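Structural overview for review
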Amino acid sequence: MSTAIVTGPPVPGSSLESDLRELGFEVRAASDTAETEALLAAVPDGRRVAVVDARFVGHLHALRLGLTDPRFPLAAIPGAVTAQPAGRQALSRALAREAAAGGSTDLAVDHLVTALDADVHRPELGSLVAAVPADPQARNEARQAVAAVDDEAVRLKSAVKSRDGFFTTFFISPYSRYIARWCARRGLTPNQVTTASLLTALIAASCAATGTRAGFVAAGVLLIASFVLDCTDGQLARYSLQYSTLGAWLDATFDRAKEYAYYAGLALGAARGGDDVWALALGAMILQTCRHVVDFSFNEANHDATANTSPTAALSDRLDSVGWTVWVRRMIVLPIGERWALIAVLTAATTPRITFWVLLAGCALAATYTTAGRVLRSLTRKAKRTDRAATALADLADNGPLAGLVSRVLPAAWGSPFLVALGGVAILGASLFSGVTWAPVAGAVVYALASGQALARPLKGALDWLVPPLFRAAEYGTVLVLASKSGVNGALPAAFGLVAAVAYHHYDTVYRIRGDAGAPPAWLVRAIGGQEGRTLLVTVLAAVLTAAQFQAALTVLAVVVAGLVLVESIRFWVSAGAPAVHDEGEPA
């Protein structure tokens, strides 16, 4: 239960107390600053508390946005301020200062907010009204302004992401927002909708795995249904402000689990028809994951950089001012809505092989477009990257104990981190296609040396944000190439499982960093070997084992890695200290 302290003389005809009770607050009245301070001190420490001016006039949803969002320790709108347990001390200190300055006089809540010595979240209200009228005429005008704006229409509109893909914006969100409201009115939570989306996608993958035309059609329909639910869970969270750390983890990981499980279902369905497309399925997963790592690395490198402007960025901003170019640019990057719609239609109408080839071509075009644009921005801007950005990039690199040893034993940097990493990846790639049995092992040794040297100094260069994507491509590509060359039945599915487990670990790292929680614990990185250790291990296994033994080894490695990273990830994300991360940026 939360507590709201309404301060000041009551206003006849005001709906403030009933509005606060509707939002789940226990309402108490205080006549002056001293009484407000006493009531605040009496509220149990574990409760959210709000202080609201009795003269407040505004929309119910304005109060909801200002007083019930669980993501912020302190938040305020005109005439109201709230503190969660983490922000209670700051509110108490500010109120004590106001009491000392004003004695027993009426409390001005907006002055109290100004006196806070901590960061205060101020939600964007848009057309919603939140005001503290000073006289009857102003109160009447404020009430008229409230009546002129449909509170529920604004709430529904704000439930939808302000920036989303073309397919999502025009084909899903116009009705999914109403599904979100229906769910809210029946007490459903975003986590329940997220789970329903996952189950629907898994059923779609099972339908695709049947290998029949009816199964493929059903899979396509269910994949779209899963995406509708995927949009609904976020809209429900925004509509009802039901944010949670567990929801953040589910939302961050289930999209990838759904998509990659569907790839596996398509590959199984194709195999039932006598067509082996596991290499294409694994290639699609690798390309999609590397695309995301490019996005994550570039954003982490630049979001807090100084002097972060360039002619390329200015041109991009100008293009965003022209309506049709905005949608073309959003579609060409093949965000999740367009991508899933493409997969669903192709699944229902064609074959898994055609589906994967078209998907690979589309993702390759999108990756080329986005990466080229970001490289141009990086080369033309004079950004100064922070130590935090360099640390985040180093964490994304996922170097293990072998690379760490190299960086300590060979401390002198061989050159630019990006060029060192690129050289190591090129040597590894050449060795994989040399045709010599032990050449990949030698290439992986050189690659491990380059991995350690690439992180011998902070990743603050113009193109150093490309180091983590290079490492992802090298590790995943090594598994794909060696599994394909083994020629044994089951090697590629085992490789798919291994890459999926490692990719999960890398996505988990990203969302921890986004929540300012740092990288996964060092013991986990050591236990699963780091990216260079796993790459070297896979090359050694391919060289010393028979094809059948190599397939079994990949399977065991996939199970071990998946077990370790899942147990630690679940422990972290359901813990009280996990960050509430919610992706409101670029569509995935």
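A short tour of the structure in this document, coming up.

Turning our attention to the pairing of strand E1 (residues 2-7). In terms of residue burial, E1 counts as a mostly covered element, since six of its six residues are buried. By the alternation rule, side chains of E1 split into Ser-2, Ala-4 and Val-6 and Thr-3, Ile-5 and Thr-7, which are all buried. Running through helix H1 (residues 16-22), the crossover from E1 to the neighbouring parallel element strand E2 (residues 25-30) is right-handed.

The full count for this structure, using the stated rule, is 21 salt bridges. A single network of salt bridges, built from pairs that share partners, joins Asp-508, Arg-512, Glu-568 and Arg-571.

A few words on empty space enclosed by the protein. One pass over the structure, following the stated rule, counts three cavities of 30 Å³ or more. In this structure, the second largest cavity occupies an estimated 60 Å³ of space. What lines the second largest cavity is simply Glu-475, Tyr-476, Val-479, Leu-498, Val-499, Val-502, Arg-534, Thr-535, Val-538 and Leu-557. Counting residues per element, the ones that place at least two in the lining of the second largest cavity are helix H21 (467-486), helix H22 (491-514) and helix H24 (530-544). Its residues assigned to classes, the lining of the second largest cavity shows seven nonpolar, one polar and two charged.

This part takes up the pairing of strand E3 (residues 49-53). The buried fraction of E3 is high, at five of five residues. Side-chain alternation along E3 places Val-49, Val-51 and Asp-53 on one buried face and Ala-50 and Val-52 on a second face that is also buried. Of the strand pairs in this sheet, E1 and E3 are connected by five bridges, and their pairing is parallel. Note that in E3 the partner of Thr-3 across the bridge is Val-49. For E3 and strand E6 (residues 80-83), the ladder comprises four bridges, and the chain directions are antiparallel. The partner of Val-52 across the bridge, within E6, is Ala-80.

About the thresholds
- Residues numbered from 1 in each chain as written.
- Predicted model: local features only at pLDDT ≥ 70, side-chain atom pairs only at ≥ 80, totals over all residues.
- Heavy atoms only, no water.
- Buried < 20%, exposed > 50% of the residue type's maximum accessible area, 1.4 Å probe, protein only.
- Helix = DSSP H or I, 4+ residues; strand = E, 2+ residues; numbered from the N terminus.
- Right-handed = clockwise from strand over helix to strand, strands pointing away.
- Salt bridge = Lys/Arg side-chain N within 4 Å of Asp/Glu carboxyl O.
- 1 Å grid on protein atoms, 1.4 Å probe; cavity = no way out; pocket = protein on both sides within 12 Å on 5 of 7 lines; lining within 4 Å.
- Points joined across faces, edges and corners; volume = space filled by probe spheres on them.
- Nonpolar A, V, L, I, M, F, W, Y, C, P; charged D, E, K, R; others polar.
- Pairing = 2+ DSSP bridges.

All quantities given are derived from atomic positions and should not be read as evidence of function.
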